[in-house]
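Okay, here's what each chain looks like letter by letter:
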Number of protein chains: 2
Amino acid sequence: MNLELSNQYKYYGMWPVAPTPFHENGEVDYEGMERVLDCMIDQKVQGICILANYSEQFLLSDDEREKLTKLCMKKIDGRVKTIVTVSHFATDIVRPRAELAKSLGADIIMMMPPYHGALLKGNPDQIFEQFNEISKVGIRIMIQDAPLSGIELPVPLLTKMINEIEYLTCFKIESTQAASKIRALIKNCSERLDAPFDGEESITLYADLEAGISGSMSSALLPEKIAPVIDHFWNNEKDKAEKIYNHILPLINFENRQCGFRATKTVMKEGGVIKSDFCRDPIKPLDEDTKNLLLNFAKRYDLLTYKWGK
Amino acid sequence: MNLELSNQYKYYGMWPVAPTPFHENGEVDYEGMERVLDCMIDQKVQGICILANYSEQFLLSDDEREKLTKLCMKKIDGRVKTIVTVSHFATDIVRPRAELAKSLGADIIMMMPPYHGALLKGNPDQIFEQFNEISKVGIRIMIQDAPLSGIELPVPLLTKMINEIEYLTCFKIESTQAASKIRALIKNCSERLDAPFDGEESITLYADLEAGISGSMSSALLPEKIAPVIDHFWNNEKDKAEKIYNHILPLINFENRQCGFRATKTVMKEGGVIKSDFCRDPIKPLDEDTKNLLLNFAKRYDLLTYKWGK
């Protein structure tokens, strides 16, 4: 690994999102959650992010979020770094979530700007203020720039926020044409950054590496296959990095465009990591054809998730 | 009141949304909540809807929703009809909210179709299924057709849902060109309907009365001033109805376009109903100019909310 790069920022490498498993009756499978985390640590990830959108955070109750935060932090037990997602429209609901994550030793909290539904979207002042308020909790914040919020976060606003909000030192950019935005932000505030990351299943990883990211928030489907792309890139072995990236891209593309957050659950069930690929209503599990195509990929690529519990 | 009309449907009249008051420190003001309900009952409303968007449901925690549901149902104590809003993206989270409302004796639950953020929107099958599933709880459902969800609910889908889902017998239409939609729905399924309502501060009330609504979900700002519009309309005194409507329209328009859910709180604070017009971050109270213009309206129209606690 290129030491110069890895020293430039505090955090680097693969930080996948943990999926949230459910029982067939719709209840959270807490024991399965622990097995997901063990499997991810065996994937040799640098960090784990919980309660993200790929974790179906929008289908969880407040109580379940709190229980999952406590259980995951205890189970991970410092073996890898941790990010706890705490987004909510109300700052007063974000704050206790951030305080809990900090008290349990999380490294970073992740937040989208305040949004609700299709129409309630924080304006620049409201966005700045929510992050500035939560910064007072005293834990590093990763701002998540994702289309789900419906909010456009322009580079000047992000630059101002990163430069002026004490604990806002990490970003995950997964909006359209992510690499250009990442490049601009690194140019504008590299001194302040602890973790310039991309996300969205690492579907834009190679372009984002060229733009200067230090890490990627993929899913937990195949992080052990994505990690060498980053390693070779940093070792100035770009040809190797690109070759591996091009090799895994068809699977990532299939995950990103055909499956979404159901991909990891489907393969983890087949691989004996979790008992069920149940998705809470109104989400259905993958249809049989898509599932079979995905499992063919998983077998062909020899994924750890496909064999971990067998 | 026109008996023929009032007998045609089970529910009719003014069913305003109760605002949720907060203390200056951001905590829910439960005592203030009780005063809001008493004030609304003094406005001689037929029903009260709690936890709607005008109640800032998107700024409340699960625990606060539950406490508010219990407190409001107890405080109202059968004096007027009740609607409890239970919307959530996850059907498994909607269900216990619906069961709680039923167990406490609510007349109706209100639900938007499943949505989260700008991009997660139930498709027609998912929407149908969530309502069909919740119908099994056995309490009348009002489907709320509001732009906030970002979901377009076309007339054929709504018709099918109302005709096929046992307890879905009420609607509140507040989407663009509401009256046309209301007219079409009443034509398609009037036999099934218990409450064809409009909403959105009653800003489209007159057109919606022409289209056949039996009731309106305004805010709690001035329901006592809106009620005569409905009464005269049903008594075939359309000229009187329209004259009163045109008289109050400037205030409703100012509320709807310049204030939103902050209007009722602002006037209720001035009128001694509640102690604070605090809005949870990232929402700010009205700016001073807007507030003063609103209070001038409230005084000029001699609103009960403006004098109830003085």
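Keep in mind that this is a model prediction, so the values were computed, not measured.

## With respect to the overall build of chain A
Right, on to step 1. The number of helices and strands found in chain A is twelve helices and ten strands.
Right, on to step 2. Projected onto the principal axes, the alpha-carbon positions of chain A cover approximately 50 × 45 × 35 Å.

## So, the environment of Thr85 of chain A
Residues and elements named next belong to chain A.
Right, on to step 1. Looking at the secondary structure, you find Thr85 in strand 3 (residues 81–85).
Right, on to step 2. Since 25 C-beta atoms lie within 10 Å of it, Thr85 is described here as buried.
Right, on to step 3. Along the primary structure Thr85 and Gln130 are separated by 45 residues, whereas in three dimensions their C-alpha atoms are 15 Å apart.
Right, on to step 4. Leaving out residues up to four positions away in the same chain, Thr85 has contacts with Cys49, Ile50, Leu51, Ala52, Gln57 and Met110.

## Brief notes about the confidence of the model for chain A
Right, on to step 1. Chain-level pLDDT for chain A is 95 on average; 98% of the residues reach the 70-or-more range.
Right, on to step 2. Here the prediction assigns the complex a pTM of 0.89, and the interface score ipTM is 0.81.

## Concerning the environment of Arg35 of chain B
Right, on to step 1. Summarising the element assignment, Arg35 of chain B is placed in helix 2 (residues 30–42).
Right, on to step 2. When the C-alpha atoms of Arg35 of chain B and Glu174 of chain B are compared, they prove to be 28 Å apart, with 139 residues separating the residues in sequence.

## Considering the environment of Lys75 of chain B
Right, on to step 1. Within the secondary structure, Lys75 of chain B is located in helix 3 (residues 62–76).
Right, on to step 2. A residue is classified by how many C-beta atoms lie within 10 Å of it, and Lys75 of chain B, with 17 of them, is partly exposed.

## Looking at the interface of chain B and chain A
Right, on to step 1. Each side of the interface is counted separately: chain B has 30 residues, and chain A has 30 residues.
Right, on to step 2. At the level of secondary structure, the elements contributing two or more residues to the side of chain B that touches chain A comprise helix 3, helix 4 (91–103), strand 5 (115–116) and helix 5 (124–135) of chain B.
Right, on to step 3. In terms of residue count, helix 5 of chain B provides more of the side of chain B that touches chain A than any other element does, four residues in total.
Right, on to step 4. For the side of chain B that touches chain A, a count of residues per class yields 13 nonpolar, ten polar and seven charged.

## Points about the relation of the copies chain B and chain A
Right, on to step 1. Laying chain B over chain A is done by rotating through 180° and shifting 0.0 Å along the axis; what remains is an RMSD of 0.0 Å. Such a turn and shift between the copies fits a two-fold axis.
Right, on to step 2. By residue overlap, the copies meet face to face through one surface: 100% of the interface positions of chain B are interface positions in chain A.

## What to know about the sheet that holds strand 7 (residues 140–145) of chain B
All names here are of chain B.
Right, on to step 1. The strand order across the open sheet built from eight strands is 1-10-9-8-7-4-3-2, with neighbouring strands paired in parallel fashion. Looking along the sheet, the strands with just one partner apiece sit at the ends: strand 1 (13–14) and strand 2 (47–50).
Right, on to step 2. Where strand 9 (residues 195–198) and strand 10 (residues 215–216) come together, two bridges link them in parallel fashion. The partner of Phe197 across the bridge, within strand 10, is Gly215.
Right, on to step 3. Across the sheet, helix 5 is in contact with strand 4 (108–111), strand 7 and strand 8 (168–173); its angle to strand 7 comes to roughly 155°.

## Digging into the sheet that holds strand 4 (residues 108–111) of chain A
Residue and element names in this part refer to chain A.
Right, on to step 1. The parallel open sheet is built from eight strands, whose spatial order is 1-10-9-8-7-4-3-2. Single-partner strands in this sheet number two, and they are strand 1 (13–14) and strand 2 (47–50).
Right, on to step 2. For strand 7 (residues 140–145) and strand 8 (residues 168–173), the ladder comprises five bridges, and the chain directions are parallel. Residue pairing across strands places Gln144 opposite Lys172, the latter belonging to strand 8.
Right, on to step 3. Relative to strand 9 (residues 195–198), helix 7 (residues 178–189) is tilted by about 175°, and along the sheet it contacts strand 8 and strand 9.

## Structural notes on helix 6 (residues 155–164) of chain B
Structurally, the α-helix is built with 3.6 residues per turn, so residues lying three or four positions apart point the same way.
All names here are of chain B.
Right, on to step 1. Listed as buried for helix 6 are Leu158, Met161 and Ile162. One side of helix 6 holds all its buried residues, which, seen down the axis, span an arc of 95°. Away from the buried face of helix 6 by more than 90 degrees, exposed residues Pro156 and Asn163 are located.
Right, on to step 2. Those residues of helix 6 hidden inside the fold are in contact with helix 5, strand 7, strand 8 and helix 7 (178–189).

## Points about helix 2 of chain B
Residue and element names in this part refer to chain B.
Right, on to step 1. If you check helix 2, its first and last C-alpha atoms are 19 Å apart, about what 13 residues at 1.5 Å a residue would give, namely 18 Å.
Right, on to step 2. Listed in full, the buried residues belonging to helix 2 are Gly32, Met33, Val36, Leu37, Cys39 and Met40. The buried residues of helix 2 occupy an angular sector of 160° when the element is viewed end-on, so they sit on one face.
Right, on to step 3. Buried residues along helix 2 sit in contact with strand 2, helix 3 and helix 11 (262–270).
Right, on to step 4. Two residues or fewer after helix 2 comes Lys44, characterised by a positive phi angle close to 60°.

## Quick look at the nonpolar core
Right, on to step 1. Judged by nonpolar contacts, the single largest core of 104 residues is most densely connected at Val36, Cys49, Ile109 and Met111 of chain A.
Right, on to step 2. If one sorts the elements of this core by residue count, helix 10 (residues 238–259) of chain A sits on top with six residues.
Right, on to step 3. Excluding residues within four positions of it along the chain, Ile109 of chain A makes contact with Ile83, Val84, Val86, Ala98, Ala101, Ile139 and Ile141 of chain A.
Right, on to step 4. Among the nonpolar cores identified, the runner-up in size contains 102 residues, and Ala90, Met111, Ile141 and Phe261 of chain B belong to it.

## Notes on the packing of helix 10 of chain A against helix 12 (residues 288–300) of chain A
All names here are of chain A.
Right, on to step 1. Where helix 10 contacts helix 12, the axes come no closer than 10 Å and their chain directions differ by 160°. Regarding the angle of helix 10 to helix 12, the classification is roughly antiparallel. Handedness of the helix 10/helix 12 crossing: left-handed. Here Leu251, Phe254, Gln258 and Cys259 of helix 10 lie close against helix 12, whose contacting residues are Thr290, Leu293, Leu294 and Phe297.

Thresholds, definitions, all that
Residues numbered from 1 in each chain as written. Chains lettered and ligands numbered in written order. Predicted model: local features only at pLDDT ≥ 70, side-chain atom pairs only at ≥ 80, totals over all residues. Helix = DSSP H or I, 4+ residues; strand = E, 2+ residues; numbered from the N terminus. Buried ≥ 20, exposed ≤ 12 C-beta atoms within 10 Å, placed from the backbone. Contact = placed C-beta atoms within 7 Å. pLDDT = per-residue confidence, 0-100. Nonpolar A, V, L, I, M, F, W, Y, C, P; charged D, E, K, R; others polar. Least-squares fit on C-alpha atoms with pLDDT ≥ 70 in both. Pairing = 2+ DSSP bridges. Axes fitted to C-alpha atoms, helices over the stretch in contact; angles between N-to-C directions. Arc of directions from axis to C-beta. Expected span 1.5 Å × (residues − 1). Core = buried A, V, L, I, M, F, W, Y, C linked by C-beta atoms within 7 Å. Parallel < 35°, antiparallel > 145°, perpendicular 65-115°, else oblique. Left-handed = near helix turned anticlockwise from the far one by under 90°.

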